[in-house]
Amino acid sequence: MRIVRADGYEAEDAMPYAALQRIGTSFRDHLPEIPDRQVAALRIAAGLDSGPPPDRFLVGLGMLSLFAAAGESEPIVCVVDDAHLLDAESLEVLAFVARRLKAESLALILATRPDERLERVTAGVARLELSGLDALSAVHLLNQFAAEPLDPYVAAQIARESVGNPLSLIDLGREVSARELTTSTLTPDPVPVGTRLEAHYRREVDALPRSARQWLRVAAVESSGDAVLIGEAAERLGLAVDAAEGAERFAAGRDTVRFRHPLVRSAVYNGMPSTERRRLHGVLRDVADENGHADVAVWHAAAAVVGTDESVAARMVQAADKTGGRGGTASRARLLARAADLTPDGPSRDGRLIEAAEAAASAGAAQLALEFLDRVDPTQIDPVSQGRVLSLRTLLALFVGDPDGVAGATATLLQAADLFHGIVPELEEHTLLRAFELALTAEWAMTGATLPELGQRLQDGAGSVLRRALAAHILSPYAESAPQIRAALQVLRDAPADELLAHVSLGVSLSIALWDERACIELLERMARAAREAGALRALDTALWVLSLAELVRGDALAAGRYVEQVRDLRQAIGYDAEQVVNASYLAWSGAPKAQVEAIAEATRTSGFGGAWTMAMTGLGIREIAEGHYRDAFDRFRPMVEQPFLQVTYQQLPEYIEAGVRSGHVEAVQDSAERLAMMAAVSGTPWVRGVSDRCAALLARDDAAEDLYRSAIKHLQESTALGDHGRAHLLYGEWLRRQRRRRQARDELRTALGIFERAGAAAFADRARRELEATGERVSHEAPSSGDGLTPQESAVAHLAAEGQTNAEIAAALFISAHTVDYHLRKVFRKLEVTSRRQLGERFVTP
């Protein structure tokens, strides 16, 4: 067994991956055994190589792989003490590794004091809270180390005040006399044990020879414990060579100086005058600079300043830029905020606060970013900075769930775009595209701006192909906008992966507007692959979430459910509460109680997310159609269709038409059917042509309906819209039954049932069974079960293996180690009673 230790240090608070670098050094011989992309991420994070800043979760995956590779030869125990003092990036990576451990020969232990930040970052990691000793054991331990026996009352009082902390009891017994303990215990106000010990250590330190006392002060100021820096600083201060020897009972160490107890360092550091602390920080700044430790030097430089100092602030900014180049966004935010503190009031100070807020937002620290923005003086900043503040506030509104901020985000971004206009064209362009995306988020709940206003602003000026297409999508008739939308969609399909990640919503909007479901899924799958390769878990979370919605649009509830489970697993890896993964539309498809779905939808609506509400209502309406509640479905869809919202309404037209025809509202849906037929003629995709013919068949006389149903089936067979394909067979089968052509009806209804079962569309499958029974066929009403008993992660591993991916590729895709993939595959093979990946392919891959 190999034990690797690391400690957290206050001085490394803004040094990204400092602790991780110390840990990783122990395993560098195993770097050739992990994927090259992960090696590159680790080396850039450590500052060894230059390159694009890696996402911290890619660094985390690299560290997980490194631990797993090292564990092949012997079990690894990694112990990190004072974890609450770790730099933010190291702590997040170690928490990620801890959450993904499954089959690796690794035990990871983080020892910490109670700390709110650490508890938040390590959410989902198993924890053991150490309580104090019971009263009897505490008294026994205290007496064991006391120089002379203590009065039982005094010992019991000390045990209570120490909360049974063993280290405190041992130090009290060793360091404080019985008389002192008795005297302090009998005071009217009991003195906290920590305060009592710290005061005792301060008296002990003050009694040391001057050189030993001064050496301890240097060691306390250099919190990383670097023995070289401490030694050189002591020498520069003219301390005796043997000064450290006189302080050995309090602090010692060959390479790293450690204080025997944190309270000793606290007593030394807090016991010296502030002027002396700043003087020693200044000496250590110079020593660190001379030794090439720029990160340490800038920390000491800041601690040596009283008030503001632009030269030191500029050094902090340089350090922040260097930190950002290694992917340390959280540390960069801290450095920029400290630089702002050191900057005199004015535009420079506010600019640094804005940069700090942007870095904090990038790191996922929304509240911290808001705190930085609240410190900005809006009267001191230029128009571009004002626009950046507005843009950032819209992003943070989404993070913190601010209803007014979400609903008003498009209007806010239009203001920001106006501020960028004529000064920074690329920012204006980006902001306008983002304004469109957030209009989709709020949808009809949008406040402060209207769709036509957004369209007009997008149209103003030349703009890009994307911008012109979105303007046409909003302002122009479908026949005029479709060619521009098609051109913009092609631009996205040709775009590099990193650019594609910035336009998830745009890709979905444009492809669905053209009824091109293949392009929609293709773009989303490319985005998901790009996010996986970059280790960008938050971008991957978005892509998978939208994929789950896109699969519902295609009518494949099983595929949507798989993506929902992937999102849940991903959020567990990130440290989010996976139980909060609720897709109301998926719940509607899955048969959840109507009242439950409506309650969830209402909660999203009041949060400003009108788009999520519409998806949930659409899901409920489709289920009502499947269950034969056509009047309810018609009443649900009618207000949404009468208040149209771009491509969202396009998808509701077929549902509205079917519900209207079946509930006796034929006249009310005629215009919608004509609009759908026009879209089919303009777009021409198999999907829209199929649903248009299916709806036309519902409205047609019997002598024309059959050809339309057959045409619908033919077109939808060429599409990937599984649900609509099944529904075409279902409606045709129902029509055939009413024509008393039962044998042919059975064929269509069996086909429909098979499609619905494959898609997990339970309500439509039940309807197909009822129709089959009406033809005289005996049908089992038990829904088919996969019977495989696979967990969500086993299912994900199995599907990827069935597609031919290697263990390493699967590990990278699911952010687990190859060892965990192998562990899951062995369980999959056993549960499914298969022996090869080829057999998995036969089971899972649809021809």
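The shown structure was predicted, so the numbers you read here are calculated from the model rather than taken from an experiment.

## Section: the pairing of strand β2 (residues 76-81)
Here is step 1: Summarising burial for β2: five of the six residues are buried, a large majority.
Here is step 2: Where strand β1 (residues 2-7) and β2 come together, six bridges link them in parallel fashion. Within β2, the residue paired with Arg5 across the bridge is Val79.
Here is step 3: In the sheet, β2 pairs with strand β3 (residues 106-110) via five bridges, with the strands oriented parallel. If you follow Val80 over to β3, its bridge partner there is Leu110.
Here is step 4: Following the chain from β2 across helix α4 (residues 88-100) to the adjacent parallel β3, one finds a crossover that is right-handed.

## A short note on the side chain of His473
Here is step 1: Within the fold, His473 resides in helix α25 (residues 465-475).
Here is step 2: Beyond its immediate sequence surroundings of up to four residues, His473 is in contact with Phe436, Ser481, Ile485, Ser509, Ala513, Leu646, Gln647 and Tyr650.

## A word on helix α26 (residues 478-494)
Here is step 1: In this model, α26 (17 residues) spans 24 Å end to end at C-alpha, consistent with the 24 Å of a helix rising 1.5 Å per residue.
Here is step 2: Where α26 is buried, its residues contact α25, α27 (497-500), α28 (504-513), α29 (517-534), α36 (646-662) and α37 (666-683).

## What to know about the packing of helix α38 (residues 686-699) against helix α40 (residues 722-738)
The axes of two packed helices give the description: the angle between them and the distance between them.
Here is step 1: Contact geometry for α38 and α40: axes closest at 10 Å, N-to-C directions at 25 degrees. Comparing their axes, α40 and α38 come out roughly parallel. Here the hand of the crossing between α38 and α40 comes out left-handed. Side by side, α38 and α40 meet where Trp687, Val691, Arg694 and Leu698 of the first sit next to Asp724, Arg727, Ala728 and Leu731 of the second.
Here is step 2: Split by residue class, the contact of α38 with α40 holds five nonpolar, no polar and three charged.

## So, the pattern of salt bridges
Here is step 1: Across all of its chains, the model carries 54 salt bridges by this definition.
Here is step 2: In this structure, Glu627 engages Arg623 in a salt bridge whose closest nitrogen and oxygen atoms are separated by 3.4 Å.
Here is step 3: The exposure class of Arg623 is buried, given its relative accessible area of 12%.
Here is step 4: Several salt bridges share partner residues, and in doing so they unite Glu655, Glu658, Arg662, Arg727, Glu734 and Arg767 into one network.

## Quick look at the sheet that holds β2
Here is step 1: With parallel pairing, the three strands of this open sheet are ordered in space as β1-β2-β3. Single-partner strands in this sheet number two, and they are β1 and β3. Along the sheet, successive strands turn relative to each other by an average axial angle of 15 degrees, direction set aside.

## So, the environment of Gly47
Here is step 1: Structurally, Gly47 can be placed in the loop between α2 (36-45) and α3 (56-70).
Here is step 2: Residue class for Gly47 comes out partly exposed when judged on its relative accessible area of 46%.

## Side note on unusual backbone geometry
Residues apart from glycine generally show negative phi values, whereas peptide bonds are mostly found in trans.
Here is step 1: With phi around 65 degrees, Tyr17 is a residue other than glycine that occupies positive phi space.
Here is step 2: Relative to the assigned elements, Tyr17 resides in the loop between β1 and α1 (18-25).
Here is step 3: Positioned with a positive phi, Asp82 is a non-glycine residue whose angle comes to about 50 degrees.
Here is step 4: Take Asp82: it is sitting in the loop between β2 and α4.
Here is step 5: Using a relative accessible area of 25% as the deciding quantity, one classes Asp82 as partly exposed.

## Things to note about the packing of aromatic side chains
Here is step 1: For the structure on display, the rule yields twelve aromatic pairs.
Here is step 2: Seen from their ring centres, Trp515 and Trp687 are 5.0 Å apart, and the 70 degrees between their planes marks the pair as edge-to-face. Remark: Trp687 occurs in helix α38 and Trp515 occurs in the loop between α28 and α29; sequence separation between them is 172 residues.
Here is step 3: Measuring from ring centre to ring centre gives 6.3 Å for Tyr709 and Trp735, while their planes differ by 50 degrees; the resulting arrangement is tilted. Residue Tyr709 is located in helix α39 (residues 702-718), and its partner Trp735 is located in helix α40; the two are separated by 26 residues in the primary sequence. Each of the two residues, Tyr709 as well as Trp735, counts as buried.

Conventions we followed
Residues numbered from 1 in each chain as written. Predicted model: local features only at pLDDT ≥ 70, side-chain atom pairs only at ≥ 80, totals over all residues. Heavy atoms only, no water. Buried < 20%, exposed > 50% of the residue type's maximum accessible area, 1.4 Å probe, protein only. Helix = DSSP H or I, 4+ residues; strand = E, 2+ residues; numbered from the N terminus. Pairing = 2+ DSSP bridges. Right-handed = clockwise from strand over helix to strand, strands pointing away. Contact = heavy atoms within 4.5 Å. Expected span 1.5 Å × (residues − 1). Axes fitted to C-alpha atoms, helices over the stretch in contact; angles between N-to-C directions. Parallel < 35°, antiparallel > 145°, perpendicular 65-115°, else oblique. Left-handed = near helix turned anticlockwise from the far one by under 90°. Nonpolar A, V, L, I, M, F, W, Y, C, P; charged D, E, K, R; others polar. Salt bridge = Lys/Arg side-chain N within 4 Å of Asp/Glu carboxyl O. Phe/Tyr/Trp six-rings, centres within 6.5 Å; stacked < 30°, edge-to-face > 60°.

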